[in-house]
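Residues per chain are reported as follows:
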Amino acid sequence: QPYGVMLIVGGDGVIVGYAGDAGDVLGERLEDVFGRSAAEVRASVPDGGIHVMADRRFRGVPWDAIAYISDNHLVVELSEKDSNDPPLDAEFLSRLEAAGTIFERATSLADLARQAAQLFQQLTGYSRVMIYQFVDDDAGVVLGEAITNASPSFMNHYFPASDIPRQARALYVRNKVRVIADVHYTPSPVISASTALESIDMSDSMLRSVSPVHIQYLKNMGVAASASMSIVKDGVLWGLVTCHHHEPRNLSLTKR
């Protein structure tokens, strides 16, 4: 998705592929455009996970970034900072603690789902937030909902198992937050200097494009932007926090 920039770095620290509005960076060393060497970033990436880097500069502009390893390549993804993000200070941590207390006091699953929908809406600013649980036949049901405009309600609606295919559910356990900033986006291809990038795995990517079928599904619902956060219980995908908005909306790395 074109709201960010992807840089793919080879073992020698040279950029061998990119996507998004990065300019012609092929052949440049990562430290020359990002301010940190590939070896330094790679050493910080945990096994099978991502490394988060806040407030980095790329082409003289501040960005947030993540890094992960794919097929022995280092992948760095940059997303624009949001000047309206709250500072991650004691007040913010206190708000999170208060939210946890509210969840603990919920008297039923329905009450918990309602409270969670309201809280996630406050955190993210999306116009509709739903708590969506998978049931025995792999269908999904909306247990909780928060709406701030005239969006139609999906409370207690059931959706077929085909709404979210099994392969997508497996990915959702690994990559727990996914954002479509604008359903009308044009996918940005990976520009590469080598055919070796054919094997790049984007499972951990925050910028990866999504199925055109899903994009059309959202357009048919009148949704302009969406986000989903996985609810994982005992290593199994229990459900989703699903967010919709009536106009394009990104979700900064801080909010994610």
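Provided above is the structure to which this section pertains.
Quick caveat: nothing in here was measured; it's all calculated off a predicted structure.

Caption draft 1: Region of the structure containing the sheet that holds strand β7 (residues 140-147). Taken in spatial order, the six strands line up as β8-β7-β6-β12-β11-β9 in an open sheet, and their pairing is antiparallel. A strand with exactly one partner marks an edge of an open sheet, and here the two such strands are β8 (158-159) and β9 (177-180). With seven bridges joining them, strand β6 (residues 128-134) and β7 adopt antiparallel strand pairing. Opposite I131, over in β7, you have G144 as the bridge partner. Helix-sheet contacts for helix α5 (residues 166-174) involve β6, β9, β11 (225-233) and β12 (236-245), and the interaxial angle to β12 is about 90°.

Caption draft 2: Expanded view of the environment of G13. Checked against the element boundaries, G13 lands in the loop between β1 (4-9) and β2 (15-19). Separated by 207 residues in the primary sequence, G13 and N220 place their C-alpha atoms 44 Å from one another. Once residues within four sequence positions are removed from consideration, G13 is found in contact with E28, R29, L30 and A38.

Caption draft 3: Molecular detail of the packing of aromatic side chains. Across all of its chains, the model carries four aromatic pairs by this definition. A centroid spacing of 5.5 Å and a plane angle of 85° characterise the contact between Y132 and F134, whose relative ring orientation is edge-to-face. An aromatic cluster is present here, built from Y132, F134, F154 and F159 joined pairwise through their rings. For R178, the ring lying beneath its charged end belongs to Y172, and the centroid distance is 3.6 Å.

Caption draft 4: Representation of the pairing of β1. With respect to burial, β1 is a largely interior element, six of its six residues being buried. Burial along β1 is two-sided: the face carrying G4, M6 and I8 and the face carrying V5, L7 and V9 are both buried. The sheet contact formed by β1 and strand β5 (residues 73-80) spans six bridges and is antiparallel. What sits directly across from L7, in β5, is V76. As paired strands, β1 and β2 are joined by four bridges and run antiparallel to one another. Following the sheet pairing, M6 is matched in β2 by A19.

Caption draft 5: Region of interest: the sheet that holds β1. Ordered by their spatial adjacency, six strands build an open sheet running β3-β4-β5-β1-β2-β10, and the pairing between neighbours is antiparallel. Across the chains shown, the open sheet's two edge strands, defined by having one partner strand only, are β3 (51-58) and β10 (191-192).

Caption draft 6: Highlighting the nonpolar core. Core analysis: the largest hydrophobic core is formed by 29 residues, its most contacted members being M6, I8, Y126, A227 and C243. Among residues more than four places away in sequence, those in contact with M6 are G17, Y18, A19, Y68, V75, V76, E77, V190, M202, S205 and L207. Counting residues in hydrophobic clusters, the runner-up holds 21 residues, among them V25, M53, W63 and A65.

Caption draft 7: Region of interest: the pattern of salt bridges. Applying the stated rule across the entire model yields seven salt bridges. Salt-bridge contacts for R29 lead to E31; the nearest nitrogen and oxygen are separated by 3.3 Å. With a relative accessible area of 36%, R29 lands in the partly exposed category. The partner of D64 in a salt bridge is K81, and the shortest N-O contact between them spans 3.2 Å. Of this pair, D64 sits in strand β4 (residues 61-70) while K81 sits in the loop between β5 and α3 (90-104), and the two are 17 residues apart along the sequence. Look at D64 and you get buried, because its relative accessible area is 2%. According to the relative accessible area criterion, K81 is partly exposed, its value standing at 37%. Taken together, the shared-partner salt bridges in this structure form one network comprising R174, D201 and D204.

Parameters at a glance
- Residues numbered from 1 in each chain as written.
- Predicted model: local features only at pLDDT ≥ 70, side-chain atom pairs only at ≥ 80, totals over all residues.
- Heavy atoms only, no water.
- Pairing = 2+ DSSP bridges.
- Helix = DSSP H or I, 4+ residues; strand = E, 2+ residues; numbered from the N terminus.
- Contact = heavy atoms within 4.5 Å.
- Axes fitted to C-alpha atoms, helices over the stretch in contact; angles between N-to-C directions.
- Phe/Tyr/Trp six-rings, centres within 6.5 Å; stacked < 30°, edge-to-face > 60°.
- Lys NZ or Arg CZ within 6 Å of the ring centre and 35° of its normal.
- Buried < 20%, exposed > 50% of the residue type's maximum accessible area, 1.4 Å probe, protein only.
- Core = buried A, V, L, I, M, F, W, Y, C linked by side-chain atoms within 4.5 Å.
- Salt bridge = Lys/Arg side-chain N within 4 Å of Asp/Glu carboxyl O.

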